Amino acid sequence: MQTLLHLLQRKCSDAIVSAFEQLPKEEARAELTPSSQEEFGHYQCNSALRLSKSLKLSPRVVAQKIIDALDGIKDVCAKVEIAGPGFINFTIAPSFLSHELERQLKDPLLGAVREEKQRIVVDFSSPNIAKELHVGHLRSTIIGDCLCRLFEFLGHDVLRLNHVGDWGTQFGMLITYMKQFALDVLSGKEKTSLESLMGWYRAAKKQFDEDPAFQKHSKMEVVALQSGNPESMKAWKLICDVSRKGFQEIYDLLGVRIQERGESFYNPMLKTVVKELEEKGLVTISDGAKCIFLEGFKNREGMPLPLMIQKSDGGFNYDTTDMAAIWHRIFVEKADRVIVVTDNGQSLHFQMIYAAAEKAGWLDKNRMKAEHVGFGLVLGMDGKKFKTRSGDTEKLIDLIYGGIEEAKKILQEKMPEAPKKEIEHLAKVIGIDAIKYADLSCQRIKDYTFSYERMLRFEGNTAVFLLYAYVRISGIKRKIDADMKQVLAMNRLELAHPSEISLGLHLRRFGELLESVEKELLPNRLADYLYELAEKFNAFYRDCRIEGTSEEASRLILSELTARILKQGLEILGLETIDRM
Ligand code: ARG
């Protein structure tokens, strides 16, 4: 379904063309925006101001000529008015809006616009094997999953990639350490966990910094691993397997699907990639290392900052694997859009990777898009980087279980009569929804403060507030006990009350909203939209009686559409809904 914004844009553009035949085509495109104040209208066209210069007419005269040339606008709008210096305000007619919402209810995409299908690679979550997982990985997982869900809903072909850090010098240390202290694990006699691996990794790092002999062994172990020594490979695989299980537990809890394709996947391509970049003349030797210097990239001291694609000892690194990854995503995966979700700290790295890929002639910006989706830190209540009470970095899994526990306490208090099983189920949904929503509802570039207390509130812009609006609609339907299928088949939607119209218009904007999130990759826009939807529904419910009135059927239909869009929107955010609470 086309959005109302597009519909009016087309009508205005056509009107401009027919009113001012002398105008060049590129200038005839109309600009439309939703109005910021509903009392003046629902949409606004500002093109008369821009056009007045080249037409040498006053903006209000231009605006009037556009209005006179509008075709079939009476069916769509109840009012079209010129305001201020020459804005045109459009007020959608309730009858048209009612009809549009009926169509939207029948549309499987609920009014969203399906554009040309794209192949989109989303690299997200991407923790490092055996290293400490931090809340940043949780953010990447939640944000990345949400973007994938949106793209999938819009019909794109999405490849969800977990670019785990499964290669590199950390394995040298860890294997050397485990050879000393965890031989039974290495030999397969004893089982272990991600938690133990992380502990050993920490200890190994400490020993590496203090003990030269350990350092030497670790470096030899890295060489052995890179040359494919079977014993080292076996140890590496074991460590990866244990970590993988730990990660999977988190993904299962969060309901996140992702396919592992870690750094090691690109090993066989690294040499060729470096060679190709050399042949293209992009590589400069600097202190013995192979570097790519790119215009405009400087370090803190203002010195040119290169990508280093091969170290002086011949080893490859993070820059090399990411060059190989972008190459692979362009030429093998044939992506139309590549997105990597990591903290803001890596934004410069990806800008450089994309700039180098462009310079190499791989990345053609006219044909495809490569983007870095950055995000800020998670802060504790003290305003510092989030830590547990004991001062350790919080384990992700504990953080999630913590949310479920907190939700349970609140539910037990609010619903003392509810059976234990129901509380368990609700606590899991609400705890996880709350964590996800608290993250997604913040503008991702900014830091945000993690607080169970705040995220589990029943009022304000929280998951529970939205879930509650959904529960309320389920409750209304249960109470009236209407057969929704029949109601929808037998009745018409007729919006009349201002609260109905305001809610209806917001519902009809779902497509516009998703379109903007698809472009700008800001999930908080969707969160804000849903919050506003819940508020508008509550206002409608307060102002308009449903049960037993002559408008009962129409208002049930409006509630039904609200429920569906609420549920769909929450699903895109990765939130589960509940029917009672
Ligand atoms: N493993 C990295 C980290 O924990 C994130 C990887 C992101 N993806 C990539 N292609 N570099 O910071």
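Treat the numbers as computed from the prediction; the structure is a model and nothing was measured.

J.: How do you make sense of helix α21 (residues 523-543) when you look at a structure like this?
T.: Given 3.6 residues to a turn, an α-helix orients residues that are three or four positions apart in the same direction. With 21 residues, α21 should reach 30 Å at 1.5 Å per residue; the first-to-last C-alpha distance of 30 Å fits that figure. The complete set of buried residues in α21 reads Pro523, Asn524, Leu526, Ala527, Tyr529, Leu530, Leu533, Ala534, Lys536, Phe537 and Phe540. Structurally, α21 contributes buried residues whose contacts are with α5 (135-153), α15 (420-440), α17 (463-480), α19 (498-508), α20 (510-520) and α22 (552-573).

J.: I would appreciate a short explanation of the site of the ligand in the present structure.
T.: Surveying the vicinity of the ligand reveals the residues Asp123, Ser126, Asn128, His137, His163, Tyr318, Asp322, Val340, Thr342, Gln346 and Phe350. For the ligand, a nitrogen atom lies 2.9 Å from a polar atom in the backbone of serine 126. Separating a nitrogen atom of the ligand from a side-chain N or O atom of histidine 163 is a distance of 3.4 Å. Out of a free accessible area of 350 Å², the ligand has 92% covered by protein chains. More than half of the atoms belonging to the ligand lie within 2 Å of the grid points that define the largest pocket.

J.: Before we go on, may I ask you to explain the layout of surface pockets in this structure?
T.: Picture a little ball the size of a water molecule; that probe, rolled over the atoms, points out where space is still empty. When its volume is computed, the largest pocket comes out at roughly 1,000 Å³. In this structure, the largest pocket is lined by 44 residues; those nearest its centre are Trp167, Gly168, Thr169, Glu263 and Tyr318. Taken together, the elements giving at least two residues each to the lining of the largest pocket come down to α5, α6 (170-181), α8 (194-210), α9 (212-226), α11 (267-279), α12 (318-331) and β11 (337-343). Sort the elements by how many residues they give to the lining of the largest pocket and α9 lands first, with 5 residues.

J.: What's the story with the nonpolar core in this structure? I'm lost.
T.: One recurring pattern in soluble globular proteins: nonpolar side chains tend to sit buried together. Ranked by internal contacts, the top residues of the largest apolar core, which has 161 residues, are Phe90, Ile92 and Leu526. With sequence-adjacent residues up to four places away left out, leucine 526 is seen in contact with Phe510, Leu513, Leu514, Val517, Gly569, Ile572 and Leu573. Counting residues in hydrophobic clusters, the runner-up holds 33 residues, among them Val121, Leu270, Leu282 and Tyr354.

J.: Explain the packing of α12 against helix α13 (residues 347-359) to me, please; I cannot follow it from the model alone.
T.: The packing of two helices is summarised by the inter-axis angle and the distance between the axes. Packing of α12 against α13 leaves a shortest axis separation of 10 Å and a crossing angle of 50°. When the axes of α12 and α13 are compared, the pair comes out oblique. Between α12 and α13 lies a crossing of right-handed hand. Contacts between α12 and α13 involve Tyr318, Asp319, Asp322, Met323 and Ile326 on the former and, on the latter, His349, Phe350, Ile353, Tyr354, Ala356 and Ala357. Tallied by class, residues from the contact of α12 with α13 come to 8 nonpolar, 1 polar and 2 charged.

Rules behind the numbers
Residues numbered from 1 in each chain as written. Predicted model: local features only at pLDDT ≥ 70, side-chain atom pairs only at ≥ 80, totals over all residues. Heavy atoms only, no water. Helix = DSSP H or I, 4+ residues; strand = E, 2+ residues; numbered from the N terminus. Expected span 1.5 Å × (residues − 1). Buried < 20%, exposed > 50% of the residue type's maximum accessible area, 1.4 Å probe, protein only. Contact = heavy atoms within 4.5 Å. Near = heavy atom within 4 Å. Polar contact = N/O pair within 3.5 Å; in protein donor to acceptor, adjacent residues only side chain to side chain. Areas by Shrake-Rupley, 256 points an atom, 1.4 Å probe, with all protein chains shown as cover. 1 Å grid on protein atoms, 1.4 Å probe; cavity = no way out; pocket = protein on both sides within 12 Å on 5 of 7 lines; lining within 4 Å. Sits in = over half its atoms within 2 Å of the grid points. Points joined across faces, edges and corners; volume = space filled by probe spheres on them. Core = buried A, V, L, I, M, F, W, Y, C linked by side-chain atoms within 4.5 Å. Axes fitted to C-alpha atoms, helices over the stretch in contact; angles between N-to-C directions. Parallel < 35°, antiparallel > 145°, perpendicular 65-115°, else oblique. Left-handed = near helix turned anticlockwise from the far one by under 90°. Nonpolar A, V, L, I, M, F, W, Y, C, P; charged D, E, K, R; others polar.

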